[in-house]
Amino acid sequence: MLMKRFFLLFLSLSTLSTFAQNYSLSDFFVYDAELEQKIDDVFESLNDTSRAGQMIIPAAGRLGKSQEHLNSLLAKNYIGGILLLNGTKEGFTTMVNDFNALNESSNGLPLLYSADAEPSLIGYKIKNCTPVKKANQMVSRAEVKKFAGSICKDLKDIGINYNYAPVVDMSPNEAISYRAFGDNSDTAQIWSRVFIEETQKEGIVATAKHFPGHGYVVGDTHKKLVYIDGEMREVENYTPLIKAGVLSIMVAHIAIKNNEKYNTNDMPSSVSKKIVTDLLKREMKFKGLVVTDAMNMGGVASIPNCELKAAQAGCDLILMPVDEEKALFDIINGMQADETFQKQVYASVRKIIRLKICLGLL
């Protein structure tokens, strides 16, 4: 009888524990003692190399690195996720399965799989997905919600859990116009919020981009450094999205000039502590993941040690470094030389672990 009571007690405690550990994206910004303990346990199981490696996100696919190259990074636990960049739905599904098998055999933390699955780009970036309207062709909140749901279904079929969308920029810039919801700030804010809420309800991380705003600049950051001249007119679009719980914000390679408070001295926002930490994290109180735009773009790639500078600025995820191993060990060397920076990296890594738990990956 005593043994039976003990077994039932053990079963009850096990069941409670199982229920208590079921987290979702809605828990990310909520304090939970058990979640904090789980983050601690995972963090302590890693060494500094695999910790810093959580911040590195290379790309696979036609415009990314070879699968062999990524396999070598995975085998050494040098990366925390992979961007799937230009391919087919079927090809990426196979790729995710292959990467997962190798990562599991290497005892790596589960990976963040991301995509530029904006309504205006998904048909080009991931062929054979369900057709959706381009962002600038949508005419109602209902359409935004419908197509966000359709995109999420395709992403989940593949195994993608992190979407670099929506574009929150306004549409005057020709490089952005067809990717934006329009040139009205109310529409940009409201429809972006609908897209974000529908995406995160489906268990996929949404990303507001391109902070602090790409709509009113001249030029394309893929090719060169571009400037916001004077007032940052689009920053206000992010405030309601932060309040609504967007989990990720992408920082662009855009410099600020003729702005006394936020001038970046001819450096892109992605490597500016003034923009990433002081403005976005402290003033705007964003507590989610800050991800860089691709670090191989013309607006940033020529800056020496640009990935280290982005991490020092406060970015949590470093997207598409030109050389992943160099980026990783630049960050590790920076941690060893500066205790304050080490603590900052640890805070970023703990956020990444938290996100992986809330995605149900851990």
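Residues numbered from 1 in each chain as written. Predicted model: local features only at pLDDT ≥ 70, side-chain atom pairs only at ≥ 80, totals over all residues. Heavy atoms only, no water.

Attention now moves to the sheet that holds strand β5 (residues 112-115). Paired through backbone hydrogen bonds, the strands of a sheet run either parallel or antiparallel to each other. Here we have 4 strands laid out as an open sheet, ordered β2-β3-β5-β7, and parallel in their pairing. The strands lining the two open edges of the sheet, one partner per strand, are β2 (59-60) and β7 (162-163). Both β5 and β7 contribute to a ladder of 2 bridges, which runs parallel. Residue pairing for β7: Ala 115 is matched across the bridge by Asn 163. (Pairing = 2+ DSSP bridges. Helix = DSSP H or I, 4+ residues; strand = E, 2+ residues; numbered from the N terminus.)

Moving on, we get to the state of the cysteines. Taken as a whole and judged by the stated rule, the model has 0 disulfides. Free of any disulfide, Cys 152 has its nearest cysteine sulfur in Cys 129, 11 Å distant. Under the relative-accessibility criterion, Cys 152 is labelled buried at 0%. (Disulfide = S-S within 2.5 Å. Buried < 20%, exposed > 50% of the residue type's maximum accessible area, 1.4 Å probe, protein only.)

Before going further, it helps to spend a moment on helix α12 (residues 324-337). Its 14 residues place the ends of α12 20 Å apart at the C-alpha level, agreeing with the 20 Å of an ideal helix rising 1.5 Å per residue. In this fold, the buried residues of α12 make contact with α3 (48-53), β1 (56-57), α4 (67-75), α11 (306-313), β13 (318-319) and α13 (339-358). For α12, the N-terminal capping position is held by Asp 323, with its side-chain oxygen 3.2 Å away from the main-chain nitrogen of Glu 325. (Expected span 1.5 Å × (residues − 1). Contact = heavy atoms within 4.5 Å. Polar contact = N/O pair within 3.5 Å; in protein donor to acceptor, adjacent residues only side chain to side chain.)

The next thing to look at is the confidence of the model for the protein. Mean pLDDT over the protein works out to 92, with 94% of the residues at or above the 70 mark. Low pLDDT, under 50, characterises residues 1-20; the predicted model gives this stretch 2 contacts beyond four residues in sequence or across chains. (pLDDT = per-residue confidence, 0-100.)

Overall, the coordinates contain 6 aromatic pairs when judged by the stated rule. Judged by centre distance (5.0 Å) and plane angle (90 degrees), the ring pair of Phe 28 and Phe 29 falls under edge-to-face. Each ring, one from Tyr 78 and one from Phe 329, has its centre 5.5 Å from the other, and the planes form 80 degrees; the classification is edge-to-face. Remark: Phe 329 occurs in helix α12 and Tyr 78 occurs in the loop between α4 and β3 (81-84); sequence separation between them is 251 residues. On the basis of relative accessibility, which here comes to 31%, the residue Phe 329 falls in the partly exposed class. Sitting over the face of the ring of Tyr 227, Lys 257 holds its NZ or CZ atom 5.0 Å from the ring centroid. The ring of Phe 28 has Arg 354 sitting right over it, with the charged end atom 5.8 Å from the ring centre. (Phe/Tyr/Trp six-rings, centres within 6.5 Å; stacked < 30°, edge-to-face > 60°. Lys NZ or Arg CZ within 6 Å of the ring centre and 35° of its normal.)

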